[in-house]
Amino acid sequence: MNAAHSPEHQELLQRSERQAQIVRGLEACLPPHALLWNREDTTPYECDGLTAYRQRPLVVVLPETLEQVQAVLRTCHALDVPVVARGAGTGLSGGAMPHRLGVTLSLAKFNKILKIDPLARTALVQCGVRNLAISEAVARHGLYYAPDPSSQIACTIGGNVAENSGGVHCLKYGLTLHNILKIKGFTMEGEVVEFGSDALDAPGFDCLSIVIGSEGMLAIATEVTVKLIPKPQLARCIMASFDDIRKAGDAVAAVIAAGIIPAGLEMMDKPMTAAVEDYVHAGYDLTAEAILLCESDGTIEEVEEEIGRMSDVLRTHGATAIAVSRDEAERLKFWSGRKNAFPASGRISPDYMCMDSTIPRKRLADILLAIQQMEKKYQLRCANVFHAGDGNLHPLILFDANDPDQLHRCELFGAEILETSVAMGGTITGEHGVGVEKLNSMCVQFSAAENEQMFGVKRAFDAKGLLNPGKVIPTLNRCAEYGKMLVRGGQIKHPDLPRF
């Protein structure tokens, strides 16, 4: 075959022609420095925190005004160009992976806190404001923003809205959904839209709850009104050690059954404890099979009572050692290990894939023991850290992406964790989203009719299907192919995702 007529050459030609068309259209609404299309400029945008799958975008835009965002969307809509919104790129499910013939819309320059209302306990922020920056800005008022994902030092509020992010304190204070009042942004057509209100409720359908967690498939969020809460007078943390994973899992369920809702209730298994202790020296018990971090906050009297009650429950259910933070510095030290679990894992493995599923609290030990068997089956290590209080798992499968066989086994491993979670009465995601990573697993969680209902919501907001296409909702054909793979012996692969 003549090289000029090869499929590869034809694809390159198609990309080049499409790229030139898009650039011509966007040059009319963006300054030159806000429009990137050369390989060296667009390659840094080829993936988010899920690095196993990559795709270089045709064009990257970095608008600086709302008018520019609106103009970009209108231009792309007129040209039938897919648009993928991107914040800080800290997502872990490939939700910001570019479309190969589309535009990546970076919202990083929208990083201003527009208004703080300490009396109403709200803040109006642009979508590119870092999560932690909100709490830093309102600290002088004795307030803070409760959701605190582990990436809060870098992740943006727009990304938090897209994924409905949580954090170590989501058990008591809720996910992003529970801490947002209003979102303002644009549809794919460039129409200005608002969801929610400055009041505690809004008239009409609850579209705010639909948009939060929709992974950039329904609208582009540009401004967000967040709720703020008073900083507690005191916070103390228990670090409890267990010599058996089942005892630790049962202790989690027992704390909640006792009517206690801790500010945070986290669990780490022995491999994860070893990784983070070597990294941050948080004082973790390296002999324990699992440790729990249980935090109480409130008034001095409330905290003392709750710490006492939780300690009693933990001892009754097999804790071999209990340490209670003596001051704020020690409390932060206890949490430093949990907050650094992901970078600590990066120190002991070339790559890792962080899974995200939920199960009933009473099944914590069951899923951990099942994962141990999967380690043997797939010949890969797995370190576990998770929001134990609400059953949100974060197994980190360690592998080397330079070895195609290891990547394949990692995919199989992750898929089995998700399927086992569903079988135990859970779900395939808790806060990281579906993105491209869990498309196959959506076929396990939902029926064809249910997926079609989700497509119906997508079409209502984005009739052409141009916002973040190919993510979150699997097609009927994809689910059928996935079923065939399972029948053929579990050869589960993402058939159309570009890898390393």
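Everything numeric in this text was worked out from a predicted model, so none of it was measured.

A. Molecular detail of the overall build of the protein chain. Counting secondary structure elements, the protein chain contains 17 helices and 19 strands. Taken against the 2.2 N^0.38 rule, which gives 23 Å for 500 residues, the C-alpha radius of gyration of the protein chain at 23 Å falls within 12% of a compact globule. Viewed in the frame of its principal axes, the protein chain has a C-alpha envelope of about 70 × 60 × 40 Å. For the protein chain, the residues scored as buried account for 55% of the 500 residues in total. Sequence separation of 24 or more characterises 72% of the internal contacts of the protein chain that already satisfy a separation of 6 or more. A total accessible area of about 20700 Å² is found for the protein chain, and carbon and sulfur atoms account for 54% of it. Averaging the coordinates of the 49 positive side-chain charges in the protein chain and doing the same for the 61 negative ones gives two points 2 Å apart.

B. Region of the structure containing the state of the cysteines. The tally for this structure, following the rule as stated, stands at one disulfide. You can see Cys410 has no disulfide; the closest cysteine sulfur is in Cys382, sitting 8.9 Å from it. Using a relative accessible area of 0% as the deciding quantity, one classes Cys410 as buried.

C. Inspection of unusual backbone geometry at higher detail. Notably, Arg121 is not glycine yet its phi reads approximately 55 degrees, a positive angle. By the secondary structure assignment, Arg121 is in the loop between strand 5 (113–117) and strand 6 (122–126). Of note, Glu215 is a non-glycine position whose phi angle comes to about 60 degrees, a positive value. Among the structural elements, Glu215 can be located in the loop between helix 7 (207–211) and strand 10 (220–227).

D. Focus on helix 16 (residues 448–461). For helix 16, spanning 14 residues, the distance from its first C-alpha to its last is 20 Å, which sits close to the expected 20 Å at 1.5 Å a residue. Among the residues making up helix 16, those that are buried are Asn451, Lys458 and Phe461. The arc that holds the buried residues of helix 16, viewed along the axis, is 70 degrees, so those residues lie on one side. When the buried face of helix 16 is taken as reference, the exposed residues oriented beyond 90 degrees from it are Ala449, Gln453 and Ala460.

E. Fine view of helix 9 (residues 270–280). Among all positions in helix 9, only Met272, Thr273, Ala275, Val276 and Glu277 are buried. On the buried face of helix 9, the contacting elements are strand 13 (264–269), strand 14 (290–298), helix 11 (328–339), helix 12 (341–346), strand 18 (381–387) and strand 19 (392–399). Where helix 9 begins, one side-chain oxygen reaches toward the backbone nitrogen of Met272, 3.2 Å away; that side chain belongs to Asp269. Count one or two residues on from helix 9 and you reach His281, which has phi positive near 55 degrees.

F. Structural context of the sheet that holds strand 4 (residues 103–106). Taking strand neighbours across the sheet as the criterion, the four strands line up as 1-2-4-3 in an open arrangement whose pairing is mixed. Every other strand in the sheet has two partners, leaving strand 1 (35–36) and strand 3 (83–86) as the edge strands with one partner each. As judged from the three bridges shared by strand 2 (residues 59–61) and strand 4, these two strands associate in the parallel manner. If you follow Val60 over to strand 4, its bridge partner there is Thr104. Set on the sheet, helix 1 (residues 7–27) makes contact with strand 1, strand 2 and strand 4; between it and strand 2 the angle comes to about 20 degrees.

G. Up close: the sheet that holds strand 6. Sheet architecture is open: five strands sit in the order 5-6-10-8-9, paired in antiparallel fashion. Both edges of this open sheet fall to strand 5 and strand 9 (192–196), since each of them pairs with a single strand only. Ignoring which end each strand starts from, the neighbouring axes of this sheet average 15 degrees apart. Helix 4 (residues 131–138) rests against strand 5, strand 6 and strand 10 of the sheet, and its axis sits at about 45 degrees to strand 5.

H. Structural detail: the pairing of strand 18. With six of seven residues buried, strand 18 is to be regarded as a mostly interior element. Where strand 13 meets strand 18, two bridges bridge the pair, whose relative direction is antiparallel. By the bridge assignment, Met268 is partnered in strand 18 with Val385. When strand 18 meets strand 19, the two strands line up antiparallel, connected through seven bridges. Among the inter-strand pairings, Cys382 is bridged to a residue of strand 19, identified as Ile397. Adjacent in sequence and paired antiparallel, strand 18 and strand 19 are bridged by four residues, among which Gly391 carries a positive phi angle near 70 degrees.

I. Geometry of the nonpolar core. Counting 60 residues, the largest nonpolar core has Phe242, Met267, Leu292, Leu314, Met353, Ile397 and Phe413 as its most contacted members. For this core, the element with the most residues is helix 13 (residues 364–378), which contributes eight residues. Discounting chain neighbours no more than four positions away, the residues touching Met267 are Ile245, Ala248, Gly249, Ala290, Ile291, Leu292, Leu368, Asn384, Val385, Phe386 and Ala388.

J. Inspection of the packing of helix 1 against helix 3 (residues 66–79) at higher detail. Orientation of helix 1 relative to helix 3, taken along the N-to-C sense of each, is 140 degrees, at an axis distance of 10 Å. What the angle tells us is that helix 1 and helix 3 run oblique. Classified by chirality, the crossing of helix 3 by helix 1 is right-handed. Contacts from Arg18, Gln21, Ile22, Gly25 and Leu26 in helix 1 reach Val72, Thr75, Cys76 and Leu79 in helix 3. Of the residues assigned to the contact of helix 1 with helix 3, the class counts are five nonpolar, three polar and one charged.

K. Examining the packing of aromatic side chains more closely. Here the structure, examined in full by the defined rule, presents four aromatic pairs. For the ring pair Tyr378 and Phe413, a centre distance of 5.4 Å and an interplane angle of 25 degrees mean the geometry is stacked. In this pair, Tyr378 is assigned in helix 13 and Phe413 in helix 14 (residues 404–423), connecting sequence segments 35 residues apart. Judged by its relative accessible area of 0%, Phe413 is buried.

Calculation notes
Residues numbered from 1 in each chain as written. Predicted model: local features only at pLDDT ≥ 70, side-chain atom pairs only at ≥ 80, totals over all residues. Heavy atoms only, no water. Helix = DSSP H or I, 4+ residues; strand = E, 2+ residues; numbered from the N terminus. Rg over C-alpha atoms; globule rule 2.2 N^0.38 Å. Buried < 20%, exposed > 50% of the residue type's maximum accessible area, 1.4 Å probe, protein only. Contact = heavy atoms within 4.5 Å. Areas by Shrake-Rupley, 256 points an atom, 1.4 Å probe, with all protein chains shown as cover. Lys, Arg positive; Asp, Glu negative; His and termini not counted. Charge placed at Lys NZ, Arg CZ, Asp CG, Glu CD. Disulfide = S-S within 2.5 Å. Expected span 1.5 Å × (residues − 1). Arc of directions from axis to C-beta. Polar contact = N/O pair within 3.5 Å; in protein donor to acceptor, adjacent residues only side chain to side chain. Pairing = 2+ DSSP bridges. Axes fitted to C-alpha atoms, helices over the stretch in contact; angles between N-to-C directions. Core = buried A, V, L, I, M, F, W, Y, C linked by side-chain atoms within 4.5 Å. Parallel < 35°, antiparallel > 145°, perpendicular 65-115°, else oblique. Left-handed = near helix turned anticlockwise from the far one by under 90°. Nonpolar A, V, L, I, M, F, W, Y, C, P; charged D, E, K, R; others polar. Phe/Tyr/Trp six-rings, centres within 6.5 Å; stacked < 30°, edge-to-face > 60°.

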